[in-house]
Amino acid sequence: MIVKSLDHLNSISAKISKKLEKGDCIFLIGEIGVGKTTFTRHLINNLQKQNGLKETEVLSPTFNLLYEYDIQDLKIMHYDLYRIKKAAELEHLGIFSDGSGTIKVIEWPDLIKTPLKNKLEIHLEYGQHENERNMKFIGFEKWANLEDEV
């Protein structure tokens, strides 16, 4: 799928946000600057709007590794694992130790080998034109047919 603008990306994230439930996990895969955090910002802001909350600033957690967002009874855990170089470091973060009570959005998930239900991989690549991105979905369980829905 070719994403032609930020508005188009926002529209896609709005559709995905309406399907999100506790226990879901989104892996964002792509080069630096391709739009992983921008997608996450739209996703979280859409969830806030859907729940009648004020939109908050959504930053990249590259240096903090994690930012948390409470949206009504949902907790979004936004991870950026760019600086993690070894699988052993992941275990110290305890990403999956909370069970399925949160929604996880994970940038740079390359080292994660934990089998997950309801995982959505979103692959982003630079497009042919400056503001375009190529987006591909690989969904598991409830996300298996997302490409047809977006």
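Help me understand the overall build of the protein chain, please; the structure alone is not making it clear to me.
For the protein chain, the helix and strand inventory stands at 4 helices and 7 strands. Going from the N terminus to the C terminus, the protein chain shows its helices and strands as β-α-β-α-β-β-α-β-β-β-α. A compact globule built from 150 residues would reach a C-alpha radius of gyration of about 15 Å, and the protein chain, at 15 Å, matches this within 12%. Across its three principal axes, the protein chain shows a C-alpha extent of roughly 40 × 35 × 30 Å. Sequence separation of at least 24 residues holds for 59% of the intrachain contacts in the protein chain that already meet a minimum separation of 6. As displayed, the protein chain offers around 8,300 Å² of accessible surface, 49% of which is attributable to carbon and sulfur atoms. When the 20 positive and 23 negative side-chain charges of the protein chain are each reduced to one mean point, those points stand 1 Å apart.

Got a minute to help me understand the confidence of the model for the protein chain in this structure?
Do not read the predicted coordinates in detail wherever pLDDT is low. Averaged over all residues, the pLDDT of the protein chain equals 91, while 99% of them reach at least 70. The weakest mean pLDDT in the protein chain belongs to helix H4 (residues 146-149) at 75; the strongest belongs to strand E2 (residues 25-29) at 97.

What counts and what doesn't
Residues numbered from 1 in each chain as written. Predicted model: local features only at pLDDT ≥ 70, side-chain atom pairs only at ≥ 80, totals over all residues. Heavy atoms only, no water. Helix = DSSP H or I, 4+ residues; strand = E, 2+ residues; numbered from the N terminus. Rg over C-alpha atoms; globule rule 2.2 N^0.38 Å. Contact = heavy atoms within 4.5 Å. Areas by Shrake-Rupley, 256 points an atom, 1.4 Å probe, with all protein chains shown as cover. Lys, Arg positive; Asp, Glu negative; His and termini not counted. Charge placed at Lys NZ, Arg CZ, Asp CG, Glu CD. pLDDT = per-residue confidence, 0-100.

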